Amino acid sequence: MAGISFELRKVLRERTLGSIVKAFGYSAVLSAGPYLISILTLALSFYVLRQFVSSDKIIIQFGVIVTYLTAFSLILTGFSQLMITRFLADRIFEKKYEVVLPNLIGNMLLNMTLAFIISLIFSVIFFKEQGAVFIILYVLIFTIMCGLWIVNVVLTGFKSYKFIVFSFATAYITFFLLALYMVRYDLAGLMFSFFIGQAVLFFLLLGYFIRTYYSDKIISFDFFDRHKIYISLIFSGFFYNLGIWIDKFIFWFYPDTSIQILGPIKASIVYDIPMFLAYIAIAPGMAAFFLKLEAEFADYYDRYYRAVREGATLNKIYQFGNDMILSARSVIFDTLRIQGIAFVFFLIFDTLLFKIFKLSLLYIPLFHVLMVGTYLQLIFMTLLAILNYFDRRREALYLSILFAVSNAVFTYISILLGPYFYGYGYVLSLFISDLLAIILLRRFLDEIHYQTFMLI
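Residues numbered from 1 in each chain as written. Predicted model: local features only at pLDDT ≥ 70, side-chain atom pairs only at ≥ 80, totals over all residues. Heavy atoms only, no water.

A word on the environment of L430
No. 1: Within the secondary structure layout, L430 lies in helix α15 (residues 424-446).
No. 2: Classification of L430 by relative accessible area gives buried; the value is 0%.
No. 3: For L430 and I379, which are 51 residues apart along the polypeptide, the C-alpha to C-alpha distance reads 8.9 Å.
No. 4: Excluding residues within four positions of it along the chain, L430 makes contact with G373, L376, Q377, F380 and F403. (Helix = DSSP H or I, 4+ residues; strand = E, 2+ residues; numbered from the N terminus. Buried < 20%, exposed > 50% of the residue type's maximum accessible area, 1.4 Å probe, protein only. Contact = heavy atoms within 4.5 Å.)

Put into structure tokens, the structure is as follows:
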């Protein structure tokens, strides 16, 4: 699992400008690769496929349906993502490798069964007019996405980044090529192509996991044992994913900011497009965060806790502890700096970017506001990652709840205040969440030796 950290440190040891660029590019591919591949392939397919359909409405419907399926599948599996990753990591630490695969499959099947039942009931009630083919594809896509998020999150937690990027690239190329042929069948053809792409992704990730953690036992539900899991992680994952999507839902369903797309599904053109671009803009910051965390902080973290476990001298423990704290600060500040530079870059070239995507320039002011929001969300993600590294589960749970609730409340108020305030609710929510996260992290780092020895 330490392979990526070792590779990045090996590249950086060359101490040349080229090695820094190489390590940064490598980090960008591994950290932001999956979501950039997904977003950019879907964006490319919209521009290419619209030439082959009778109406742009079909392309828009497809894009919005995929967004809804992604949002709901992430929120539903949010209950399991952190919990099962920690459960499996603990079993690996105990060297009980034989229980890893059966429990992953057990948790995955649990989520997929729930997803199947919920999406079937929902689609039968709300999508009667779209027909049986639409309902079947909707249910199948949602079910398989709930399965693949579980495998994907666990493999990410186990740092299998290279294979994840490879799998996403293979799956989305499959989708795009198949869609070029199936687009003649309109929305059903596009949804079928997307389902095949997601199925390829799911079976690639699952196959990799089976090969890595092979077991004679097929399925197990040991994660139902209350003494082997952390309840706080169940709700942390749910509220974090809810917080990410809640502002979008409010814009989608508020009458003045939404338009009808298909059945009960709505979208917000005014909010969705700038948000889509703002998320692309944080890729440099994600690369910086990944590089600093994996190539530097992980090493200092291991050194400090190894010294504690192996009974090093007090001076050594203090020295390694101070190095680790400085490294944690460096992760945060370097992520801020790199994303700050990217922020200025996008500010300078915003008009050019919008012209490339053939978007209305009227969206640019909101794009600026949402870029601040995604900037703060990147910092929030960084702070949560460091808190989770130190096993500060309670703090992570409180912060995730604060983010979800405040994002809902402030976003709704911002809509009531009018178009000039759109996006400010999301920004304010993350600003407060970041501020509290910094206070909690700083308090913990000030007491780290006391906290460490009290827990042993």
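Details of a nonpolar patch on the surface
No. 1: Where nonpolar side chains cluster on the molecular surface, the patch consists of L109, L110, L114, I118, I218, I219, F221 and F224 and spans about 710 Å² of accessible area.
No. 2: With respect to the helices and strands, I118 occurs in helix α4 (residues 100-126).
No. 3: We classify I118 as partly exposed; its relative accessible area is 42%. (Patch = residues over 30% accessible without salt bridge, like charges linked within 9 Å, V, L, I, M, F, W, Y side chains within 5 Å. Areas by Shrake-Rupley, 256 points an atom, 1.4 Å probe, with all protein chains shown as cover. Salt bridge = Lys/Arg side-chain N within 4 Å of Asp/Glu carboxyl O.)

Focus: α15
No. 1: Helix length check: α15 (23 residues) gives 33 Å between terminal C-alpha atoms against 33 Å at 1.5 Å per residue, within 8%.
No. 2: When α15 is considered as a whole, its buried residues turn out to be G425, Y426, V427, S429, L430, S433, D434, A437, L440, L441, F444 and L445. (Expected span 1.5 Å × (residues − 1).)

A few points about the packing of aromatic side chains
Aromatic rings in a pair are described by how distant their centres are and how their planes are angled relative to each other.
No. 1: For the coordinates displayed, the defined rule picks out 48 aromatic pairs.
No. 2: Their ring planes at 45° and their centres at 5.1 Å tell us that F72 and F249 sit as a pair that is tilted. Residue F72 is found in helix α3 (residues 56-93), and its partner F249 is found in helix α8 (residues 231-253); the two are separated by 177 residues along the sequence.
No. 3: Classification of F72 as partly exposed rests on a relative accessible area of 35%.
No. 4: According to the relative accessible area criterion, F249 is buried, its value standing at 12%. (Phe/Tyr/Trp six-rings, centres within 6.5 Å; stacked < 30°, edge-to-face > 60°.)

Quick look at the packing of helix α14 (residues 393-417) against α15
No. 1: Axis separation between α14 and α15 bottoms out at 7 Å; the angle between their running directions is 160°. Considering the angle they form, α14 stands roughly antiparallel to α15. As for the relative orientation of α14 and α15, their crossing is right-handed in sense. Listed contacts from α15 to E395, L399, L402, F403, S406, N407, F410, T411 and S414 of α14 are G425, Y426, L428, S429, L430, I432, S433, L436, A437 and L440.
No. 2: In the contact of α14 with α15, the residues fall into 11 nonpolar, seven polar and one charged. (Axes fitted to C-alpha atoms, helices over the stretch in contact; angles between N-to-C directions. Parallel < 35°, antiparallel > 145°, perpendicular 65-115°, else oblique. Left-handed = near helix turned anticlockwise from the far one by under 90°. Nonpolar A, V, L, I, M, F, W, Y, C, P; charged D, E, K, R; others polar.)

Points about unusual backbone geometry
No. 1: Even without being a glycine, D186 presents a positive backbone phi close to 55°.
No. 2: Secondary-structure assignment places D186 in helix α7 (residues 186-212).
No. 3: Among the residues examined, D186 registers a relative accessible area of 30% and is labelled partly exposed.
No. 4: For D391, which is not glycine, the phi torsion reads 60° and is therefore positive.
No. 5: Locating D391 in the fold gives a position in the loop between α13 (364-389) and α14.
No. 6: Looking at D391, the relative accessible area reads 31%, which means it is partly exposed.

Comments concerning the pairing of strand β1 (residues 259-262)
No. 1: One ladder, built from three bridges, connects β1 with strand β2 (residues 265-267); its direction is antiparallel. In the sheet register, L262 faces β2, and the bridge partner there is I265.
No. 2: What sits between β1 and β2 in their antiparallel hairpin is a turn of two residues, with G263 showing a positive phi close to 55°. (Pairing = 2+ DSSP bridges.)

Section: the side chain of E395
No. 1: Along the chain, E395 falls in helix α14.
No. 2: Among the residues examined, E395 registers a relative accessible area of 15% and is labelled buried.
No. 3: Polar contacts involving the side chain of E395 include one to the side chain of R392, which spans 3.0 Å.
No. 4: Apart from the residues within four sequence positions on either side, E395 is in contact with L387 and L440. (Polar contact = N/O pair within 3.5 Å; in protein donor to acceptor, adjacent residues only side chain to side chain.)

Remarks on the pattern of salt bridges
No. 1: Per the stated rule, a full pass over the model turns up 11 salt bridges.
No. 2: Residue E94 pairs with R91 through a salt bridge whose shortest N-O separation is 3.0 Å.
No. 3: A residue is classified by how much of its surface remains accessible, and R91, at 7% relative accessible area, is buried.
No. 4: One salt bridge in this structure joins K248 and D247, with 3.4 Å as the shortest N-O distance. Accessibility classification places K248 together with D247 in one group, the buried group.
No. 5: Look at the salt bridges and you will find they share partners, linking R86, D90, D391 and R393 into a network.

Concerning the nonpolar core
No. 1: In terms of nonpolar packing, the biggest core is built from 150 residues, with F209 and F390 touching the most fellow members.
No. 2: No other element matches α3, which puts 17 residues into this core. (Core = buried A, V, L, I, M, F, W, Y, C linked by side-chain atoms within 4.5 Å.)

What to know about the side chain of S215
No. 1: Examined against the element boundaries, S215 turns out to sit in the loop between α7 and α8.
No. 2: A residue is classified by how much of its surface remains accessible, and S215, at 10% relative accessible area, is buried.
No. 3: Side-chain polar atoms of S215 contact the backbone nitrogen of K217, separated by 3.2 Å.
No. 4: In this structure S215 touches E98, L101 and P102, once residues within four positions along its chain are discounted.

Structural notes on the environment of M275
No. 1: Considering the arrangement of structural elements, one finds M275 in helix α9 (residues 269-280).
No. 2: Expressed as a C-alpha distance, the spacing of M275 and R442, which sit 167 residues apart in the sequence, is 31 Å.
No. 3: The contacts of M275, once residues within four sequence positions are left out, are D247, K248, L370, T374 and Y426.

Notes on the packing of α4 against α7
No. 1: Relative to each other, α4 and α7 sit at 155°, their axes nearing to 10 Å. Overall, the two elements α4 and α7 adopt an arrangement that is roughly antiparallel. Within the contact between the two elements, α4 uses V100, L101, L104, M108 and M112 and α7 uses F202, L206, F209 and I210.
No. 2: Residues belonging to the contact of α4 with α7 are distributed by class as follows: nine nonpolar, no polar and no charged.

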